[in-house]
Amino acid sequence: MKQIIVAIDGYSSSGKSTMAKHLARAAGYAYVDSGAMYRAVTLYAMRHGMIADDGTPDSNTLAQALPEIEITFQVRQAGEASRTCLNGEDVEDEIRSLAVSNHVSPIAALPEVRHRITALLRGFGHNKGIVMDGRDIGTTVFPDAEMKVFVDASPEIRARRRHEELTAKGKQADYGDVLKNILERDNIDKNRKDSPLQQAADAVVLCNDDMSIEEQHKWLMNLFKLRSTDDSAHRD
Ligand code: DC
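Residues numbered from 1 in each chain as written. Predicted model: local features only at pLDDT ≥ 70, side-chain atom pairs only at ≥ 80, totals over all residues. Heavy atoms only, no water.

1. Description of the nonpolar core
Point 1. If you look at the biggest cluster of nonpolar residues, it comprises 35 residues, and the most contacted ones within it are Val-41, Leu-62, Ile-69, Val-113, Leu-121 and Met-132.
Point 2. Secondary-structure elements contributing two or more residues to this core are β1 (5–10), α2 (34–47), α3 (59–65), α4 (98–108), α5 (111–124), β6 (130–134) and α6 (137–141).
Point 3. Beyond its immediate chain neighbours, meaning those up to four positions away, Ile-69 contacts Val-41, Tyr-44, Leu-62, Leu-86, Asn-87 and Arg-116.
Point 4. Judged by nonpolar contacts, the second largest core, of 18 residues, contains Val-6, Ile-8, Val-131 and Met-147. (Core = buried A, V, L, I, M, F, W, Y, C linked by side-chain atoms within 4.5 Å. Buried < 20%, exposed > 50% of the residue type's maximum accessible area, 1.4 Å probe, protein only. Helix = DSSP H or I, 4+ residues; strand = E, 2+ residues; numbered from the N terminus. Contact = heavy atoms within 4.5 Å.)

2. Side note on the site of the ligand
Point 1. Looking at the ligand, there are 16 residues lining it, with Arg-39, Arg-114, Asp-136, Arg-185 and Arg-192 nearest.
Point 2. Within the side chain of Arg-185, an N or O atom sits 2.8 Å from an oxygen atom of the ligand.
Point 3. A distance of 2.8 Å separates an oxygen atom of the ligand from a polar side-chain atom of Arg-192.
Point 4. Isolated, the ligand exposes 440 Å² of accessible area, and the fraction of that covered by the protein chains is 97%.
Point 5. Within the residue set of the shell around the ligand, elements represented by two or more residues are α2, α4 and α8 (175–191).
Point 6. The dominant element in the shell around the ligand, judged by the number of residues it contributes, is α2, at four residues.
Point 7. Taken together, the residues of the shell around the ligand break down into four nonpolar, four polar and eight charged. (Near = heavy atom within 4 Å. Polar contact = N/O pair within 3.5 Å; in protein donor to acceptor, adjacent residues only side chain to side chain. Areas by Shrake-Rupley, 256 points an atom, 1.4 Å probe, with all protein chains shown as cover. Nonpolar A, V, L, I, M, F, W, Y, C, P; charged D, E, K, R; others polar.)

3. A closer look at the sheet that holds β1
Point 1. The five strands are arranged β2-β6-β1-β7-β8 in an open sheet whose pairing can be described as parallel. Every other strand in the sheet has two partners, leaving β2 (30–33) and β8 (204–207) as the edge strands with one partner each. Pairs of neighbouring strands in the sheet enclose a mean axial angle of 20°, with direction left out of account.
Point 2. Bridge count between β1 and strand β7 (residues 147–152): five bridges; the pairing is parallel. From the neighbouring strand, Ile-8 faces β7, where its bridge partner is Val-149. (Pairing = 2+ DSSP bridges. Axes fitted to C-alpha atoms, helices over the stretch in contact; angles between N-to-C directions.)

4. Section: helix α1 (residues 16–27)
Point 1. Taking 1.5 Å per residue, 12 residues should reach 16 Å; α1 reaches 16 Å between its end C-alpha atoms and fits that length.
Point 2. Of the positions making up α1, those classed as buried are Lys-16, Met-19, Ala-20, Leu-23 and Ala-24. In a view along the axis of α1, the buried residues occupy a sector of 130°, so they form one face of it.
Point 3. Considering only its buried residues, α1 is in contact with β1, β2, β6, β7, β8 and α9 (213–229).
Point 4. Looking one or two residues beyond α1, the residue adopting positive phi is Gly-28, at roughly 75°. (Expected span 1.5 Å × (residues − 1). Arc of directions from axis to C-beta.)

Okay, structure coming up:
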(Lines give C-alpha, C1' and ligand atoms only; values in the text may rest on other atoms or scores of the structure.)
Protein backbone atom coordinates (compact mmCIF):
# COMPACT_ATOMS: atom_id res chain seq x y z
CA MET A 1 0.00 0.00 0.00
CA LYS A 2 1.34 3.40 -0.89
CA GLN A 3 1.35 6.44 1.41
CA ILE A 4 -1.30 8.95 0.45
CA ILE A 5 -2.74 12.28 1.61
CA VAL A 6 -6.28 12.09 2.99
CA ALA A 7 -8.26 15.36 3.01
CA ILE A 8 -11.44 15.39 5.08
CA ASP A 9 -13.44 18.60 4.74
CA GLY A 10 -16.90 19.57 5.86
CA TYR A 11 -19.14 21.57 8.10
CA SER A 12 -18.46 22.44 11.75
CA SER A 13 -19.16 19.58 14.13
CA SER A 14 -19.97 17.16 11.32
CA GLY A 15 -17.79 14.50 12.94
CA LYS A 16 -14.81 15.05 10.61
CA SER A 17 -12.19 15.00 13.31
CA THR A 18 -13.49 11.83 14.99
CA MET A 19 -13.39 10.06 11.64
CA ALA A 20 -10.02 11.53 10.69
CA LYS A 21 -8.38 10.57 14.00
CA HIS A 22 -9.71 7.04 13.81
CA LEU A 23 -8.47 6.59 10.24
CA ALA A 24 -5.04 8.03 11.11
CA ARG A 25 -4.68 5.60 14.01
CA ALA A 26 -5.82 2.60 11.95
CA ALA A 27 -3.53 3.48 9.03
CA GLY A 28 -0.54 4.52 11.16
CA TYR A 29 -0.75 8.00 9.62
CA ALA A 30 -0.20 11.41 11.21
CA TYR A 31 -3.34 13.41 11.95
CA VAL A 32 -3.49 17.19 11.63
CA ASP A 33 -6.49 19.22 12.82
CA SER A 34 -6.28 22.37 10.69
CA GLY A 35 -9.15 24.02 12.59
CA ALA A 36 -7.01 23.90 15.75
CA MET A 37 -4.53 26.22 14.05
CA TYR A 38 -7.22 28.77 13.21
CA ARG A 39 -8.51 28.44 16.75
CA ALA A 40 -5.03 29.03 18.23
CA VAL A 41 -4.56 32.20 16.14
CA THR A 42 -8.01 33.32 17.32
CA LEU A 43 -7.07 32.77 20.97
CA TYR A 44 -3.90 34.81 20.42
CA ALA A 45 -5.97 37.64 18.88
CA MET A 46 -8.46 37.52 21.79
CA ARG A 47 -5.71 37.62 24.40
CA HIS A 48 -3.98 40.55 22.71
CA GLY A 49 -7.09 42.71 22.35
CA MET A 50 -7.20 42.38 18.57
CA ILE A 51 -10.94 41.74 18.38
CA ALA A 52 -13.43 44.62 18.75
CA ASP A 53 -16.56 44.25 20.86
CA ASP A 54 -18.63 43.65 17.73
CA GLY A 55 -16.33 40.72 16.80
CA THR A 56 -14.40 42.52 14.04
CA PRO A 57 -10.72 41.54 14.07
CA ASP A 58 -7.98 44.14 13.77
CA SER A 59 -6.60 42.55 10.63
CA ASN A 60 -3.53 44.81 10.25
CA THR A 61 -2.26 44.28 13.80
CA LEU A 62 -2.91 40.55 13.58
CA ALA A 63 -1.14 40.29 10.21
CA GLN A 64 1.93 41.97 11.73
CA ALA A 65 1.85 39.65 14.74
CA LEU A 66 1.61 36.43 12.68
CA PRO A 67 5.40 35.77 12.63
CA GLU A 68 5.31 35.77 16.47
CA ILE A 69 2.62 33.10 16.63
CA GLU A 70 4.05 29.61 16.87
CA ILE A 71 1.60 26.72 16.80
CA THR A 72 2.80 23.20 17.54
CA PHE A 73 1.21 19.86 18.35
CA GLN A 74 2.51 17.88 21.31
CA VAL A 75 1.81 14.35 22.45
CA ARG A 76 1.90 14.11 26.26
CA GLN A 77 1.69 10.34 26.42
CA ALA A 78 2.16 7.70 23.74
CA GLY A 79 -1.21 6.73 22.26
CA GLU A 80 -2.90 9.98 23.37
CA ALA A 81 -4.22 12.55 20.89
CA SER A 82 -1.85 15.45 20.29
CA ARG A 83 -2.50 18.77 22.05
CA THR A 84 -2.31 22.18 20.44
CA CYS A 85 0.29 24.56 21.84
CA LEU A 86 0.44 28.31 21.29
CA ASN A 87 3.96 29.66 21.72
CA GLY A 88 4.77 26.64 23.88
CA GLU A 89 1.64 26.81 26.10
CA ASP A 90 -0.87 23.95 25.99
CA VAL A 91 -4.11 25.64 24.87
CA GLU A 92 -5.95 22.52 23.72
CA ASP A 93 -8.87 22.97 26.13
CA GLU A 94 -9.14 26.72 25.77
CA ILE A 95 -9.33 26.69 21.97
CA ARG A 96 -12.41 24.43 22.14
CA SER A 97 -14.42 26.94 24.23
CA LEU A 98 -17.54 28.57 22.84
CA ALA A 99 -15.81 31.97 23.22
CA VAL A 100 -13.13 30.91 20.71
CA SER A 101 -15.76 29.24 18.48
CA ASN A 102 -17.67 32.51 18.42
CA HIS A 103 -14.67 34.47 17.09
CA VAL A 104 -12.85 31.98 14.89
CA SER A 105 -14.69 32.32 11.57
CA PRO A 106 -13.97 36.06 10.99
CA ILE A 107 -10.31 35.40 11.89
CA ALA A 108 -10.19 32.41 9.52
CA ALA A 109 -11.60 34.61 6.75
CA LEU A 110 -8.56 36.94 6.81
CA PRO A 111 -6.35 36.26 3.76
CA GLU A 112 -3.08 36.86 5.68
CA VAL A 113 -4.10 34.29 8.30
CA ARG A 114 -5.15 31.78 5.65
CA HIS A 115 -1.91 32.15 3.67
CA ARG A 116 0.23 31.62 6.74
CA ILE A 117 -1.71 28.60 7.98
CA THR A 118 -1.96 27.06 4.51
CA ALA A 119 1.84 27.22 4.20
CA LEU A 120 2.26 25.56 7.60
CA LEU A 121 -0.28 22.86 6.74
CA ARG A 122 1.42 22.06 3.42
CA GLY A 123 4.65 21.48 5.35
CA PHE A 124 3.00 18.57 7.19
CA GLY A 125 2.27 16.79 3.89
CA HIS A 126 5.77 16.53 2.43
CA ASN A 127 6.13 12.83 3.17
CA LYS A 128 2.43 11.97 2.68
CA GLY A 129 1.01 9.43 5.14
CA ILE A 130 -1.23 12.11 6.62
CA VAL A 131 -4.91 12.65 7.41
CA MET A 132 -5.90 16.31 7.65
CA ASP A 133 -9.34 17.72 8.35
CA GLY A 134 -10.70 21.20 7.76
CA ARG A 135 -12.69 23.28 5.29
CA ASP A 136 -10.32 23.76 2.34
CA ILE A 137 -7.91 20.85 2.54
CA GLY A 138 -9.10 19.14 -0.66
CA THR A 139 -9.62 22.40 -2.54
CA THR A 140 -6.69 24.62 -1.51
CA VAL A 141 -4.19 23.01 0.86
CA PHE A 142 -3.81 19.69 -0.99
CA PRO A 143 -5.73 19.93 -4.27
CA ASP A 144 -3.88 16.78 -5.44
CA ALA A 145 -4.74 14.68 -2.37
CA GLU A 146 -5.35 11.07 -3.39
CA MET A 147 -8.41 10.75 -1.12
CA LYS A 148 -10.92 13.53 -0.51
CA VAL A 149 -14.02 13.28 1.62
CA PHE A 150 -16.64 15.96 2.21
CA VAL A 151 -18.70 15.39 5.35
CA ASP A 152 -22.15 16.84 5.78
CA ALA A 153 -24.91 16.58 8.41
CA SER A 154 -27.91 18.74 9.30
CA PRO A 155 -27.21 21.80 11.52
CA GLU A 156 -29.48 20.43 14.28
CA ILE A 157 -27.67 17.11 14.45
CA ARG A 158 -24.29 18.85 14.45
CA ALA A 159 -25.41 21.20 17.23
CA ARG A 160 -26.68 18.27 19.29
CA ARG A 161 -23.35 16.45 18.90
CA ARG A 162 -21.29 19.54 19.81
CA HIS A 163 -23.57 20.25 22.78
CA GLU A 164 -23.14 16.68 24.05
CA GLU A 165 -19.37 16.95 23.59
CA LEU A 166 -19.18 20.19 25.61
CA THR A 167 -21.48 18.85 28.34
CA ALA A 168 -19.45 15.63 28.58
CA LYS A 169 -16.37 17.77 29.23
CA GLY A 170 -18.24 19.49 32.07
CA LYS A 171 -18.64 22.76 30.15
CA GLN A 172 -21.85 24.78 30.50
CA ALA A 173 -23.48 25.29 27.11
CA ASP A 174 -26.96 26.11 25.90
CA TYR A 175 -28.13 24.06 22.88
CA GLY A 176 -29.61 27.18 21.26
CA ASP A 177 -26.31 29.05 21.55
CA VAL A 178 -24.42 26.11 20.05
CA LEU A 179 -26.85 25.89 17.11
CA LYS A 180 -26.63 29.66 16.53
CA ASN A 181 -22.82 29.47 16.52
CA ILE A 182 -22.86 26.58 14.03
CA LEU A 183 -25.21 28.42 11.64
CA GLU A 184 -23.15 31.61 11.85
CA ARG A 185 -19.90 29.76 11.21
CA ASP A 186 -21.42 27.84 8.26
CA ASN A 187 -22.47 31.15 6.77
CA ILE A 188 -19.07 32.86 7.17
CA ASP A 189 -17.07 29.75 6.17
CA LYS A 190 -19.14 29.23 2.98
CA ASN A 191 -19.23 32.85 1.89
CA ARG A 192 -15.72 34.14 2.57
CA LYS A 193 -13.74 35.18 -0.50
CA ASP A 194 -10.54 33.28 0.24
CA SER A 195 -10.82 29.46 0.02
CA PRO A 196 -14.44 29.15 1.18
CA LEU A 197 -15.87 25.92 2.51
CA GLN A 198 -16.93 23.98 -0.54
CA GLN A 199 -16.86 20.44 -1.78
CA ALA A 200 -13.93 19.64 -4.08
CA ALA A 201 -15.18 18.38 -7.45
CA ASP A 202 -13.41 15.04 -6.87
CA ALA A 203 -14.45 14.60 -3.21
CA VAL A 204 -16.71 11.77 -2.11
CA VAL A 205 -19.63 13.10 -0.04
CA LEU A 206 -20.62 11.46 3.20
CA CYS A 207 -23.87 12.60 4.82
CA ASN A 208 -23.68 11.05 8.26
CA ASP A 209 -27.00 12.21 9.77
CA ASP A 210 -28.23 8.65 10.19
CA MET A 211 -24.94 6.82 10.58
CA SER A 212 -23.38 5.48 13.75
CA ILE A 213 -19.72 6.24 14.43
CA GLU A 214 -18.85 2.60 13.67
CA GLU A 215 -20.63 2.83 10.29
CA GLN A 216 -18.71 6.01 9.45
CA HIS A 217 -15.37 4.42 10.38
CA LYS A 218 -16.14 1.39 8.24
CA TRP A 219 -17.17 3.55 5.28
CA LEU A 220 -13.98 5.61 5.57
CA MET A 221 -11.69 2.57 5.92
CA ASN A 222 -13.21 0.99 2.81
CA LEU A 223 -12.55 4.12 0.79
CA PHE A 224 -9.04 4.40 2.23
CA LYS A 225 -8.22 0.81 1.21
CA LEU A 226 -9.41 1.53 -2.31
CA ARG A 227 -7.47 4.78 -2.64
CA SER A 228 -4.24 3.55 -1.10
CA THR A 229 -4.07 0.52 -3.38
CA ASP A 230 -5.31 2.26 -6.52
CA ASP A 231 -2.36 3.09 -8.79
CA SER A 232 -4.43 5.54 -10.82
CA ALA A 233 -4.70 7.66 -7.66
CA HIS A 234 -0.99 8.49 -8.05
CA ARG A 235 -0.98 12.07 -9.19
CA ASP A 236 2.62 13.08 -8.62
O1 DC B 1 -13.03 22.49 12.51
P2 DC B 1 -13.17 23.59 13.55
O3 DC B 1 -14.59 23.86 13.96
O4 DC B 1 -12.29 23.41 14.72
O5 DC B 1 -12.67 24.92 12.79
C6 DC B 1 -12.67 26.17 13.41
C7 DC B 1 -12.86 27.25 12.37
O8 DC B 1 -11.68 27.37 11.57
C9 DC B 1 -14.01 27.08 11.40
O10 DC B 1 -15.13 27.85 11.78
C11 DC B 1 -13.50 27.55 10.10
C12 DC B 1 -12.02 27.61 10.23
N13 DC B 1 -11.29 26.68 9.38
C14 DC B 1 -11.00 27.08 8.11
O15 DC B 1 -11.41 28.15 7.70
N16 DC B 1 -10.24 26.28 7.31
C17 DC B 1 -9.80 25.10 7.73
N18 DC B 1 -9.05 24.34 6.92
C19 DC B 1 -10.12 24.66 9.03
C20 DC B 1 -10.89 25.47 9.84
